[in-house]
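# Coordinate analysis (summary)
Listed here are the chains, written in short residue letters.
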Amino acid sequence: MDVFAAISQRSSVRAYKASDIEEDKLKKVLEAARLSPSASNRQDWKFIVVKSKETKKKLAKAAFGQSFIGEAAVVIVACGTETKTFMACGQPTHTVDVSIACAFMILQAYELGLGTCWIGAFNEGETRKILNIPEHVRVVAVIPLGYPNQPTSKKIRKNLDQIVCLEKYE
Ligand SMILES: Cc1cc2nc3c(=O)[nH]c(=O)nc-3n(C[C@H](O)[C@H](O)[C@H](O)COP(=O)(O)O)c2cc1C
């Protein structure tokens, strides 16, 4: 599968089959995070792999009851471990770096036939407590991962001419 096919065909998965995912597939998804770029190549991140049914259910509760999170074979909780670093442009490095790694994982998962859904609606404090994450570490995203139990949904996107302008901001 080429990159554009993955980008254009992937959609968020909010229903998962009960089946486990293969370890080599999980490892490849995590490798996609490991190999992704980061500001100054800092790699200040940690990816917590959760397989325990009980813990996944707790994470779903901490994500305001998005119960499908608890149904996925694995939940990856993506964290920034150094949160005081900002780029010269003013953006926090950890948010950008961890988000890129998550995007790479999501695309890699799709190529392997696995579904994901980026979860940004979660209570960080509760998530921290469940996983024993220290205070200085920020949770950027929660990513359920598993075999999809739903058809691919249609993409609803703005047109290119609505989001691209030439030479100056319009
Ligand atoms: C930063 C971010 C946060 C998101 N948070 C949630 C979430 O908490 N729950 C959810 O079901 N989907 C969440 N999504 C998924 C979006 O709703 C979804 O990507 C968007 O509607 C486009 O649909 P698609 O992913 O199927 O192309 C999030 C996506 C992003 C990028």
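No experiment lies behind these values; they were computed from the predicted model shown.

Before going further, it helps to examine the sheet that holds strand β1 (residues 45–50). Pairing is antiparallel across the open sheet formed by four strands, whose spatial order is β1-β2-β4-β3. The open sheet has two free edges, formed respectively by β1 and β3 (115–116), since each of these has just one partner strand. Strand direction decides the pairing type here: β1 and strand β2 (residues 74–80), joined by six bridges, are antiparallel. By the bridge assignment for β2, Trp45 is matched with Gly80.

The next subject is the environment of Ser11. Tracing the backbone shows Ser11 in the loop between α1 (3–9) and α2 (23–34). As a C-alpha pair, Ser11 and Gly113 span 102 residues in sequence and 12 Å in three-dimensional space. Residues in contact with Ser11, not counting those within four places in the same chain, are Thr116, Thr152, Ser153 and Lys155.

As a further point, take the site of the ligand. The full set close to the ligand counts 13 residues, and Ser12, Arg14, Gln66, Trp118 and Arg157 are the nearest of them. One of the backbone N or O atoms of Gly120 is found 3.0 Å from a nitrogen atom in the ligand. The separation between an oxygen atom of the ligand and a polar side-chain atom of Arg157 is 2.7 Å. The fraction of the free accessible surface of the ligand (620 Å²) that becomes covered by protein chains is 59%. Of the residues assigned to the shell around the ligand, the class counts are five nonpolar, four polar and four charged.

Once that is clear, we can look at unusual backbone geometry. Of note in this structure, Gln43 is not a glycine but carries a positive phi near 55 degrees. Since its relative accessible area comes to 36%, Gln43 is described here as partly exposed. Positive phi outside glycine occurs at Phe64, with the angle close to 55 degrees. Inspection of the secondary structure assignment puts Phe64 in the loop between α3 (53–62) and α4 (68–71). With relative accessibility at 60%, the residue Phe64 sits in the exposed group.

A few words on the packing of α3 against helix α6 (residues 124–131). Contact geometry of α3 with α6 gives a least axis separation of 9 Å together with a crossing angle of 165 degrees. It follows from the interaxial angle that α3 and α6 lie roughly antiparallel. The chirality of how α3 crosses α6 is right-handed. Residues Thr55, Lys58, Leu59, Lys61 and Ala62 of α3 form the contact with α6, whose participating residues are Glu126, Thr127, Ile130 and Leu131. When grouped by side-chain class, the residues that make up the contact of α3 with α6 number four nonpolar, two polar and three charged.

The buried count for strand β4 (residues 138–146) comes to eight of nine residues, which makes it a mostly enclosed element. With seven bridges connecting them, β2 and β4 associate as antiparallel partners. Note that in β4 the partner of Ile76 across the bridge is Ile143. Bridging between β3 and β4 involves two bridges; their strand directions are antiparallel. Bridging from a neighbouring strand, Gly115 pairs with Gly146 of β4.

The subject of this paragraph is the state of the cysteines. Taken as a whole, this structure holds zero disulfides when the rule is applied. For the unlinked cysteine Cys89, the closest cysteine sulfur is that of Cys165, found at 18 Å. On the accessibility criterion, Cys89 (59% relative accessible area) is exposed. Take Cys102: it sits in no disulfide, and the sulfur closest to it among the cysteines is that of Cys79, at 9.3 Å. Given the relative accessible area of 0%, Cys102 is considered buried.

Cut-offs and rules
Within any chain, residue numbers begin from 1 and follow the written order of that chain's sequence. For this predicted model, a pLDDT threshold of at least 70 governs which residues receive local features, and a threshold of 80 or more governs which side-chain atom pairs are given and counted, while totals over whole chains, interfaces and linings are taken from all residues. Hydrogens are left out, water is left out, and the side-chain values use all remaining heavy atoms of the structure. At least two bridges found by DSSP between two strands are what make those strands a pair. In this text, helices come from DSSP runs of H or I with a minimum length of four residues, and strands from runs of E with a minimum of two, each type numbered from the N-terminal end. Should any heavy atoms of two residues lie within 4.5 Å, those residues are counted as being in contact. Proximity criterion: a residue is near a molecule or strand once any of its heavy atoms comes within 4 Å of it. N or O atoms closer than or at 3.5 Å make up a polar contact, with two conditions inside protein: a donor-capable atom paired with an acceptor-capable one, and, for residues adjacent in sequence, both atoms drawn from side chains. Note on areas: Shrake-Rupley with a 1.4 Å probe; residue coverage comes only from the protein chains shown. In the scheme used here, Gly and all other residues not listed as nonpolar or charged are polar, with Ala, Val, Leu, Ile, Met, Phe, Trp, Tyr, Cys and Pro taken as nonpolar and Asp, Glu, Lys and Arg as charged. Each residue gets one of three labels from its accessible area relative to the maximum for its type: buried under 20%, exposed over 50%, partly exposed in between, using a 1.4 Å probe on protein chains only. Working convention: axes come from line fits to C-alpha atoms, limited for helices to the stretch in contact. Angles between N-to-C directions cover 0 to 180 degrees. Note on angle classes: values under 35 degrees are labelled roughly parallel, values over 145 roughly antiparallel, values of 65 to 115 roughly perpendicular, and the remainder oblique. For a crossing to be left-handed, the near helix must be turned anticlockwise from the far one by less than a right angle; the clockwise case is right-handed. Two cysteine sulfurs form a disulfide in these notes if their separation is within 2.5 Å.

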